[in-house]
Amino acid sequence: MAESSSISNPDANSNLSRKRRKIEPKTPAGAPTETGRPRWQNDVEQQIYSLKLVDALCHLRRPDSAAATSRAVRDAADQVLAVSARGKTRWSRAILTGRLSLRLAHINKKHKKAAKRAAVGESRTKKPAVQKKLPPLEKKVKVLSRLVPGCRKVSLPNLLEETTDYIAALEMQVKAMTFLTGLLNGAVSSSAAASGDSSLADRG
């Protein structure tokens, strides 16, 4: 009887199938997506990044000059940030490969050589080529693509997605480095106070 009623009433079967399709497990709102944007706002991720950064700085070779030291610290922080992104974004892969800086240096050398040649001979005989003016929006997009690593030749939607993820990662990096700086300053001040108290005790 149950089978005959289900066969005779196809509308009921379609309603049941629709209800079954609607009942699906929902992903939580705070779950990390493929781009990893919610992950950078997580305190646990910030702690993991801080621990990895401390380990990288402990194994860092200290250069002679202060400028070289700051550059080495910045490079180490960026490398750890790219490792935390696990290569899921273009900017993290560009930092991990390290080819971006070499490519830019090679391009700059080519431009310098071309400029020298033009200054020696060709600039006297030929008029400078007129550059086409880009619209304001295209200029801003071009500048933005240069700021985000590995995003010089991507579409606008991909560039905006990479920029959003990169900014969130940099904000987390700033928070972690600020926290570590506060810890170091507190340790230095406490050690200085302890040494001052010991010197006063020795005098007494």
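Residues numbered from 1 in each chain as written. Predicted model: local features only at pLDDT ≥ 70, side-chain atom pairs only at ≥ 80, totals over all residues. Heavy atoms only, no water.

(A) Layout of the nonpolar core. Within the largest apolar cluster, 19 residues are counted, with the highest numbers of intra-cluster contacts made by Trp40, Tyr49, Leu81 and Trp91. When contributions to this core are tallied by element, the ones reaching two or more residues are α4 (43–58), α5 (66–85), α6 (90–97) and α9 (156–203). With residues near it in sequence (within four places) discarded, Leu81 still touches Trp40, Tyr49, Trp91, Ala169, Leu170, Met172 and Gln173. (Core = buried A, V, L, I, M, F, W, Y, C linked by side-chain atoms within 4.5 Å. Buried < 20%, exposed > 50% of the residue type's maximum accessible area, 1.4 Å probe, protein only. Helix = DSSP H or I, 4+ residues; strand = E, 2+ residues; numbered from the N terminus. Contact = heavy atoms within 4.5 Å.)

(B) Local environment of the confidence of the model for the protein chain. Chain-level statistics for the protein chain give a pLDDT mean of 74 and a share of 58% at 70 or above. The model gives residues 20–31 a pLDDT under 50, and that stretch makes 2 contacts with residues more than four places away or in other chains. Overall, residues 33–37 carries pLDDT values under 50, and its contacts beyond four positions in sequence, including any with other chains, amount to 9 contacts. (pLDDT = per-residue confidence, 0-100.)

(C) The arrangement of the packing of aromatic side chains in detail. Tallying each qualifying case throughout the model produces 2 aromatic pairs. Look at Trp40 and Trp91: their rings are 6.3 Å apart centre to centre, the planes differ by 45°, and that puts the pair in the tilted class. With Trp40 in helix α3 (residues 37–40) and Trp91 in helix α6, this residue pair connects regions lying 51 residues apart in the sequence. Per residue, the accessibility class of Trp40 equals that of Trp91, and both read buried. Taken together, a centroid distance of 5.1 Å and an interplanar angle of 55° make the contact between Trp91 and Tyr166 tilted. Of this pair, Trp91 sits in helix α6 while Tyr166 sits in helix α9, placing them 75 residues apart in sequence. On the accessibility criterion, Trp91 (0% relative accessible area) is buried. Overall, the relative accessible area of 14% leaves Tyr166 in the buried class. (Phe/Tyr/Trp six-rings, centres within 6.5 Å; stacked < 30°, edge-to-face > 60°.)

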